[in-house]
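Structural description and commentary
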Amino acid sequence: ENLYSKFLLIWFGQFISMIGSGLTIFALGVFVYQRTHAVSSYTSILLCVFLPPFILRPFGGILADRHDRRLMMLIGDLGATLGLLFIFFMMLKGNIQLWQIYLGIAISSIFSAFQDPAYKASVTDLLSEAQYAKASGLVQLASSAQHLISPFLAGILLTIIDIKFIFMIDISTFLIASAIIIWIRKTLVITKTEKPKQNFIADFKEGITEFSKNKGVIWLVGIIMIVLFFVGLLQALFLPLLLSLTSPKIAGITQSVSASGMLIGSLFIGLFGSKNKHMKVLSISLFLAGLFFANLGLSTSIIFIIIVGFMFFAVLPFINTSIEVLIRVNIDNKKQGRVWSIISTVTYLGSVVAFVVAGFLADKVFNPLLEVNGKLAGTVGSIIGAGEGRGIALMLIISGIMISFISISILKNKFIRNLERN
């Protein structure tokens, strides 16, 4: 139990530092979008947040297996404050440039990429197998705090305090997390990490071989990557869409309330489990997710957006669970770790590509079409409205319809259908 309480302490540190990071991402998103009114300036922030972990994750995982994990976490947490301090001082000087914001965020993100695998691996160091599931639930809860708590808090804080103080809050959460790890490092015997038996390349090749053995798994992962491209567009466009309709405060509350749908969906699965018809659950959930997604662009009413946003997020856990089960039962247990890291890299690529193209598509293609005198203002605009942000709305409608189409193609794919029979 003593070790479990230490895990809880480390978890608490990470939990508040996740909320702090979420505050920064939201506040900077509002700051940059309100200054430039360009979606691409906002999506560049997302790229700086998500690209370093995407590129460095495999190396972070290997380092976490070969070095003292608590030291890795400490370097990660303290390093992440450097980027924030840089932005903070640039803001104090006045007239901060966009590139300075991007650079600061990228520095923080690079350090976080090394911190995350070490944190997840330290769960194994501290806990017995019986406690894994409980810990995994807590770790997921902490990572969803960024979407559930941070936008809500940041939206309200921005109406009360200057953005500079939000950085101070974030920096102090990193320092608290670091202090906890320093204290726990002193009280724990350091576990010697084994030197791996084979090199990184051999491990990676084995994972690829195992992954590519099963056609159904390859098809499923390909389809998830395409779905995540559209979900990535939503991630990139939701805040600019809301800011074109309402204040940062209401935008933050809308984001948080919508994302709380994930909690409800996860709770439902936790209480009732998911029955064994995973294929059916997957295609129905995806179809519904597409419908709710498309509805986000239909109306300018914030209440309507909150309701369909909540429904969209509530369906996501059903999609995630069915995908996870279908893949787990079709892959050799000893190679799960390697295969999952390959799968997460491949699927994540969908989101990264979305962040790269979303700004260009919104600023240069869709928003101009639906400006008050735009080419589609008289046709599509008469249904969904014309003016600021309506081009984004059209992108969301198209993306949602595409996801619903994909859900139908899953049922028709014989390789994916075979995953259920194994």
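In this report, we go over the structure that sits alongside the text. (Residues numbered from 1 in each chain as written. Predicted model: local features only at pLDDT ≥ 70, side-chain atom pairs only at ≥ 80, totals over all residues. Heavy atoms only, no water.)

Time to look at the overall build of the protein chain. Of the regular secondary structure elements, the protein chain holds 16 helices and 0 strands. Across the 422 residues in the protein chain, those meeting the buried criterion constitute 51%. Sequence separation of at least 24 residues holds for 83% of the intrachain contacts in the protein chain that already meet a minimum separation of 6. Roughly 19600 Å² of accessible area belongs to the protein chain as shown, and the carbon and sulfur atoms make up 70% of that amount. (Helix = DSSP H or I, 4+ residues; strand = E, 2+ residues; numbered from the N terminus. Buried < 20%, exposed > 50% of the residue type's maximum accessible area, 1.4 Å probe, protein only. Contact = heavy atoms within 4.5 Å. Areas by Shrake-Rupley, 256 points an atom, 1.4 Å probe, with all protein chains shown as cover.)

On the surface, a cluster of positive charge is contributed by Lys215, Lys412, Lys414 and Arg417. On the secondary structure map, Lys414 appears in helix α16 (residues 414–421). (Patch = residues over 30% accessible without salt bridge, like charges linked within 9 Å, V, L, I, M, F, W, Y side chains within 5 Å. Salt bridge = Lys/Arg side-chain N within 4 Å of Asp/Glu carboxyl O. Lys, Arg positive; Asp, Glu negative; His and termini not counted. Charge placed at Lys NZ, Arg CZ, Asp CG, Glu CD.)

Below, the discussion takes up helix α3 (residues 69–93). Taking 1.5 Å per residue, 25 residues should reach 36 Å; α3 reaches 37 Å between its end C-alpha atoms and fits that length. Residue Gly94 follows α3 closely and has a positive phi angle near 90 degrees. (Expected span 1.5 Å × (residues − 1).)

On to a nonpolar patch on the surface. Taken together, the side chains of Ile284, Phe287, Leu288, Leu291, Ile401, Phe405 and Ile408 define a hydrophobic patch exposed on the protein surface, amounting to about 620 Å² of accessible area. When contributions to the nonpolar patch are tallied by element, the ones reaching two or more residues are α11 (278–295) and α15 (390–412). Examining the composition of the nonpolar patch, we find that 4 residues originate from one element, α11, more than from any other.

Relative orientation and spacing of two packed helices are given, respectively, by the angle between their axes and the distance between those axes. Viewed as axis vectors pointing N to C, helix α1 (residues 2–36) and helix α10 (residues 248–272) meet at an angle of 135 degrees, and their least axial separation amounts to 11 Å. Classified by the angle between their axes, α1 and α10 sit oblique to one another. The two elements α1 and α10 meet at a crossing, and its hand is right-handed. Facing Phe26, Val30 and Gln34 of α1, the residues of α10 in contact are Pro248, Ala251, Gly252 and Gln255. For the contact of α1 with α10, the residue count by class is 4 nonpolar, 3 polar and no charged. (Axes fitted to C-alpha atoms, helices over the stretch in contact; angles between N-to-C directions. Parallel < 35°, antiparallel > 145°, perpendicular 65-115°, else oblique. Left-handed = near helix turned anticlockwise from the far one by under 90°. Nonpolar A, V, L, I, M, F, W, Y, C, P; charged D, E, K, R; others polar.)

At their nearest, the axes of α11 and helix α12 (residues 302–328) sit 8 Å apart, and the two run at 155 degrees to each other. One way to sum up the angle between α11 and α12 is to call them roughly antiparallel. Of the two elements, α11 crosses α12, and the hand of that crossing is left-handed. For the pair α11 and α12, contact is made by His278, Met279, Val281, Leu282, Ser285, Leu286, Leu288, Ala289, Phe292, Phe293 and Asn295 and by Phe304, Val308, Met311, Phe312, Val315, Phe318, Ile319, Ser322, Ile323, Val325 and Leu326, respectively.

Counting 96 residues, the largest nonpolar core has Leu28, Leu220, Leu237 and Phe312 as its most contacted members. Sorting elements by how many residues they give to this core places helix α9 (residues 215–243) first, with 17 residues. With sequence-adjacent residues up to four places away left out, Leu237 is seen in contact with Val39, Ala358, Ala362, Ile392, Met395 and Leu396. By size, the runner-up hydrophobic cluster in this structure holds 22 residues, among which are Ile10, Leu74, Ala145 and Ile180. (Core = buried A, V, L, I, M, F, W, Y, C linked by side-chain atoms within 4.5 Å.)

Evaluation of the coordinates by the stated rule reveals 10 aromatic pairs. Their ring planes at 40 degrees and their centres at 5.2 Å tell us that Phe50 and Phe355 sit as a pair that is tilted. Remark: Phe355 occurs in helix α13 (residues 336–369) and Phe50 occurs in helix α2 (residues 39–66); sequence separation between them is 305 residues. Residues Phe312 and Phe313 carry aromatic rings whose centres are separated by 5.4 Å and whose planes lie at 75 degrees to one another, so their mutual orientation is edge-to-face. Across this residue pair, the class does not change: Phe312 and Phe313 are buried. Within the aromatic cluster, the residues linked to one another by ring pairs are Phe50, Phe54, Tyr348 and Phe355. (Phe/Tyr/Trp six-rings, centres within 6.5 Å; stacked < 30°, edge-to-face > 60°.)

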